[in-house]
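# Coordinates in review
This is what each chain is made of:
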Amino acid sequence: MKTLRMMGGALLALLLASSCKSSKNALETRALNGEWTIMTVNGKKAIAGKDIYLGLDIQQNRLYGCAGCNRIMGSLQTDQDKAGSLTFGQVVSTRMLCPDMDTEQAVLNALEKVTGYKGTEKELSLTDKGGQTLITLSKRPAASLTSLNGKWNITKVYDEAVGDIEKTEKGPFLEFNAKEKTVHGNAGCNIVNGNLVQEEGQASSLKFDQLLTTMMAGPGMTLEGKVLEAMNKVKGFVVKDEHTAVLTDENGAEALTLEK
């Protein structure tokens with residue numbers, strides 16, 4: 001009897017140790033926060049004409065991003081009592097058509113099947129109920145306002161290329177000064193100046209404040225109207241590389257695309 005008790009105690013200790021180890025090794029839910037580039041879907045490399053990514057906002061249980069052609073938005077749910085649990089709901093998208101919609105459809109179908117996640121703070125896999133990988137993700141580097149320093153040409157306003165909106169002699173641009181927290185540029189026809197504002201503790205947040213423009217009239221006014229409207233909607237930014245950045249609105253949509 002004493003032997004059985006000892007064996008039972010040892011087994012219980014082993015189970016508890018295993019449980020604690022599993023919990024310790026599980027990626028914490030807060031590590032999911034941020035934007036992730038979609039690398040593969042169903043084992044195939046994710047290829048699309050647009051930036052393809054998922055944004056996960058754990059505090060507000062919100063999903064946003066681009067599935068390959070259209071912007072997507074939805075809700076997400078985690079279970080604090082069940083490590084590695086993640087599901088998405090009410091996922092909706094804009095309704096643009098692109099030459100190749102295969103990747104987008106694969107992403108949307110996969111999101112419906114996601115029930116969990118595994119990985120590290122830099123590389124993440126979204127899995128189905130059987131534990132099979134559906135989507136692999138790579139974490140985008142944390143943003144800093146200094147990474148926006150310098151002059152950037154505006155190449156797109158939401159999904160419209162600048163040249164398709166209106167032809168102008170000089171292209172619109174924005175020039176950022178992170179130290180002074182100011183912006184200077186040309187919106188299409190007129191010069192624009194303003195201030196840069198960030199939310200405390202939110203390195204990737206950005207808002208334009210006290211925007212002022214000159215009052216000239218001429219070519220570029222249609223483009224300028226759309227640029228200024230987009231600037232007023234900006235809530236954040238992502239620097240993809242040393243040559244490309246995007247300014248995003250409250251839904252994570254790419255309001256302005258910038259290139260150096």
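Before any of the text, the structure's been laid out above.
## Thoughts on the overall build of the protein
When helices and strands are tallied, the protein shows four helices and 18 strands. For the protein, the residues scored as buried account for 40% of the 260 residues in total. Restricting the contact set of the protein to residue pairs at least 6 apart, pairs at least 24 apart contribute 50%. On the protein, roughly 15100 Å² of surface is accessible, and the fraction owed to carbon and sulfur atoms is 52%.

## Quick notes on the state of the cysteines
A covalent bond between the sulfur atoms of two cysteines is referred to as a disulfide. Counted by the stated rule, this structure contains one disulfide. Two residues, Cys-69 and Cys-98, share a disulfide whose sulfurs are 2.1 Å apart. Its S-S torsion of approximately 80° makes the covalent link between Cys-69 and Cys-98 right-handed. Placement of the pair is Cys-69 in the loop between strand E4 (62-66) and strand E5 (71-78) and Cys-98 in the loop between strand E6 (86-93) and helix H2 (102-113), with a sequence separation of 29 residues. In this structure Cys-66 is not part of a disulfide, and its nearest cysteine sulfur, from Cys-69, lies 7.2 Å away. For Cys-66, a relative accessible area of 7% translates into the label buried.

## A look at the side chain of Asp-249
With respect to the element layout, Asp-249 can be found in the loop between strand E17 (244-248) and strand E18 (254-259). Put simply, Asp-249 is tucked away with no salt bridge, and the nearest opposite charge, on Arg-71, sits 5.4 Å away. A distance of 2.9 Å separates the side chain of Asp-249 from the side chain of Tyr-158, its partner in a polar contact. Not counting residues within four places of it along the chain, the set of residues in contact with Asp-249 comprises Tyr-158, Lys-233, Val-234, Lys-235 and Ala-255.

## Some thoughts on the pairing of strand E16 (residues 236-241)
Relative to E17, E16 is paired through five bridges, and the arrangement is antiparallel. Note that in E17 the partner of Val-238 across the bridge is Val-246. In this antiparallel pair of consecutive strands, E16 and E17, the connection spans two residues.

## Some details on H2
Counted at 1.5 Å a residue, the expected span for H2 with its twelve residues is 16 Å, and the 17 Å between its end C-alpha atoms agrees. All of the buried residues along H2 are Thr-103, Glu-104, Val-107, Leu-108, Ala-110 and Leu-111. What you see down the axis of H2 is that its buried residues fit within an arc of 165°, all on one side. More than 90 degrees from the buried face of H2, the exposed residues found are Asp-102, Glu-112 and Lys-113. Considering only its buried residues, H2 is in contact with strand E1 (34-41), strand E3 (53-57), E4, E5, E6 and strand E9 (133-139).

## Considerations on the packing of aromatic side chains
Overall, the coordinates contain two aromatic pairs when judged by the stated rule. On the basis of an interplanar angle of 75° and a centroid distance of 6.4 Å, the ring pair of Tyr-53 and Tyr-64 is categorised as edge-to-face. Linking Tyr-53 in strand E3 with Tyr-64 in strand E4, this pair joins segments that are eleven residues apart in sequence. Here Tyr-53 matches Tyr-64 in class, with each residue buried. Note that Lys-151 overlies the ring of Phe-173, its terminal NZ or CZ placed 4.4 Å from the centroid.

## Some points on unusual backbone geometry
Phi is positive for Gln-90, which is not a glycine, with a value near 50°. Looking at the element boundaries, Gln-90 is found in strand E6. Despite not being glycine, Tyr-158 has its phi angle at roughly 55°, a positive value. By secondary structure assignment, the location of Tyr-158 is in the loop between strand E10 (150-157) and strand E11 (160-161).

## Concerning the environment of Val-183
With respect to the helices, strands and loops of the structure, Val-183 is situated in strand E13 (residues 182-186). For the pair Val-183 and Lys-151, spaced 32 residues apart in sequence, the C-alpha separation works out to 9.6 Å. Not counting residues up to four positions away in its chain, the partners in contact with Val-183 are Leu-174, Glu-175, Phe-176, Val-192, Asn-193, Gly-194, Asn-195, Leu-196, Phe-208 and Leu-211.

## Brief notes about the side chain of Arg-140
With respect to the helices, strands and loops of the structure, Arg-140 is situated in the loop between E9 and E10. A distance of 3.2 Å separates the side chain of Arg-140 from the side chain of Thr-37, its partner in a polar contact. With residues up to four places along the chain from it excluded, the contact list for Arg-140 reads Glu-35, Thr-37, Asp-51, Tyr-53, Val-238 and Lys-240.

## Brief notes about the pattern of salt bridges
Scanning all chains against the criterion turns up seven salt bridges. Between Glu-160 and Lys-226 there is a salt bridge, and its shortest N-O distance comes to 2.8 Å. Of this pair, Glu-160 sits in strand E11 while Lys-226 sits in helix H4 (residues 221-233), placing them 66 residues apart in sequence. A residue is classified by how much of its surface remains accessible, and Glu-160, at 34% relative accessible area, is partly exposed.

Analysis parameters
Residues numbered from 1 in each chain as written. Predicted model: local features only at pLDDT ≥ 70, side-chain atom pairs only at ≥ 80, totals over all residues. Heavy atoms only, no water. Helix = DSSP H or I, 4+ residues; strand = E, 2+ residues; numbered from the N terminus. Buried < 20%, exposed > 50% of the residue type's maximum accessible area, 1.4 Å probe, protein only. Contact = heavy atoms within 4.5 Å. Areas by Shrake-Rupley, 256 points an atom, 1.4 Å probe, with all protein chains shown as cover. Disulfide = S-S within 2.5 Å. Lys, Arg positive; Asp, Glu negative; His and termini not counted. Salt bridge = Lys/Arg side-chain N within 4 Å of Asp/Glu carboxyl O. Polar contact = N/O pair within 3.5 Å; in protein donor to acceptor, adjacent residues only side chain to side chain. Pairing = 2+ DSSP bridges. Expected span 1.5 Å × (residues − 1). Arc of directions from axis to C-beta. Phe/Tyr/Trp six-rings, centres within 6.5 Å; stacked < 30°, edge-to-face > 60°. Lys NZ or Arg CZ within 6 Å of the ring centre and 35° of its normal.

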